[in-house]
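Observations on chain architecture
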Amino acid sequence: MTTRGAKLVRPHVRLRGRRPPRAIVLAVVSLVALFFVVPHVVGLEHTWQRIRDGSPAWLAAAGALEVGSFAGYVWLLRRIAAPLRWADAWRITLAGVAATRIVTVAGAGGIAVTVSGLRRAGRSTREAAEQQAVDLVVLYAVFFGLMFADGLALAAVGGRHAGLTVVPALVGATVIGLALAMALVPATFERELRRRFGPRAGVIGALPAVVAAGVRGANELVARRDRALTGAVVWWAFDIAALWACLRAFGGSVGAAELLMAYLAGHAFNVLPVPGGVGPVEGGTIAALVAFGEPAGLALVGVLSYQLISVWLPAAPGAVALAQLRRDGAPAEGMAT
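This write-up is about the structure you can find in this document. Everything numeric here is computed off the predicted structure, so don't read it as measured data. (Residues numbered from 1 in each chain as written. Predicted model: local features only at pLDDT ≥ 70, side-chain atom pairs only at ≥ 80, totals over all residues. Heavy atoms only, no water.)

A short note on the packing of aromatic side chains
The condition is simple: Here a Phe, Tyr or Trp ring, Trp counted by its six-membered ring, pairs with any other such ring whose centre lies within 6.5 Å, and the pair is stacked when the planes are under 30 degrees apart, edge-to-face when over 60, and tilted otherwise. Counting from the N terminus, the helices are the DSSP runs of H or I reaching at least four residues and the strands are the DSSP runs of E reaching at least two. Burial classification: accessible surface area is computed with a 1.4 Å probe over protein chains only, and a residue below 20% of its type maximum counts as buried, one above 50% as exposed, and the rest as partly exposed.
What the rule picks out here adds up to 12 aromatic pairs. Both rings, one in F70 and one in W235, keep their centres 5.5 Å apart while their planes meet at 80 degrees; by these two values the pair is edge-to-face. With F70 in helix 3 (residues 56–80) and W235 in helix 10 (residues 228–249), this pair connects stretches of sequence that are 165 residues apart. The exposure class of W235 is buried, given its relative accessible area of 0%. Between F143 and W236 the ring centres are 5.0 Å apart and the planes differ by 50 degrees, which places this aromatic pair in the tilted class. Here the residue F143 occupies a position in helix 6 (residues 125–156), and W236 occupies one in helix 10, the gap between them amounting to 93 residues. Like W236, F143 is buried. Aromatic ring contacts, followed pair by pair, group F70, Y73, Y140, F143, F144, W235, W236, Y263 and Y306 into a single cluster.

As structure tokens, then:
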């Protein structure tokens, strides 16, 4: 998830085995903070009671919803990078998400790992990069489309916080407009730069050329109403529902439109170079929830629980998938079953 262009070289996955995996260390820190540090924060004297009264059933539901979210991403990847078997798509997805959220910053690691996995499934480096570009454009078209629509909806009903209504709508519209403009970059752009200014200029032109190919590929999916688009919607919808379930576990009652904007505002911080989005994502989501009327203690434990389920629980299978991609080489390639 999520976040979440790659330099067109052969990406390599590097694993260091002597230190404890960062995912495990941060998961332990998150648990310690949730159960021992958070309850003693000044002004949150009821937080410990909220944790004790939390509903395990709602937290379990959040975990199930997160599995559904990942399934949506796998479906999207298989449709875009067909033919690709379910097992291979799951492995590439988990490894890519682990790299995005845990290993490196700002999504670059996830892109490199996904491109590497697609290459090992038989694609050329350029094909893999363009398929990953289509994947990301589709995903974030849904994200910023939701930001635009929800911002307008909240502003229309007289939201009190313009910064959480009008501004996100403008951001969403701007990003979508810039992405659509990238489709105007001609397919010959990179080749022309290389011809006129030499090989180095061609390398510089590779990134906009790949992004433009991704936008054009996404537009084609929309034009033919490809079922791949369902996967992108499921990825975001189920992840948002997981946050809702975590808040419900501790008694949250924020409205649907407000919850959606809090989620979008927080996850917009995924672009910052912080491993796993630790800090800015949680802080932005909590601040938005409090601005929309949720008690600070409830927002804090709900968001930390969501972060534990959505980021750190997938870290273990993601680390295994990352190791398998490194050890096994090419995953088996095949038609969808």
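We are not done yet, so read on.
Focus: unusual backbone geometry
Among all residues except glycine, the phi angle is most often negative; among peptide bonds, the trans geometry is most common. In the segment running from A82 into P83, the intervening peptide bond is cis, with an omega of 0 degrees. Among the secondary structure elements, P83 is positioned in the loop between helix 3 and helix 4 (86–103). Despite not being glycine, R225 has its phi angle at roughly 50 degrees, a positive value. Its location among the elements puts R225 in the loop between helix 9 (199–223) and helix 10. Relative accessible area serves as the criterion here: at 74%, R225 is assigned to the exposed category.

A word on the packing of helix 5 (residues 108–120) against helix 6
As a reminder, the rule being used: With axes taken as lines fitted to C-alpha atoms, and helix axes fitted only over the stretch in contact, angles between N-to-C directions fall between 0 and 180 degrees. Throughout this description, any angle smaller than 35 degrees is read as roughly parallel, any larger than 145 degrees as roughly antiparallel, any in the 65 to 115 degree range as roughly perpendicular, and the remainder as oblique. Throughout, a crossing is termed right-handed when the near helix is turned clockwise from the far one, and left-handed when it is turned anticlockwise from it by less than a right angle. Pairs of residues are marked as contacts when any of their non-hydrogen atoms sit within 4.5 Å. Residues are grouped as follows: nonpolar covers Ala, Val, Leu, Ile, Met, Phe, Trp, Tyr, Cys and Pro; charged covers Asp, Glu, Lys and Arg; every other residue, Gly included, is treated as polar.
With their axes 9 Å apart at the nearest point, helix 5 and helix 6 run at an angle of 130 degrees to one another. Judged by the inter-axis angle, helix 5 sits oblique to helix 6. Where helix 5 crosses over helix 6, the handedness of that crossing is right-handed. Contacts between helix 5 and helix 6 involve G110, I111, T114, V115, L118 and R119 on the former and, on the latter, T125, A128, A129, Q131, Q132 and L136. Grouping the amino acids of the contact of helix 5 with helix 6 by side-chain chemistry returns six nonpolar, five polar and one charged.

A closer look at the pattern of salt bridges
In plain terms, the rule: By definition, a salt bridge exists where a carboxyl oxygen of Asp or Glu is found within 4 Å of a side-chain nitrogen of Lys or Arg.
Applying the stated criterion to the full structure yields five salt bridges. The residue D88 makes a salt bridge to R91 at a minimum N-O spacing of 4.0 Å. Placement of the pair is D88 and R91 together in helix 4, with a separation of three residues, close to one helical turn. Taken together, the shared-partner salt bridges in this structure form one network comprising R79, R224 and D226.

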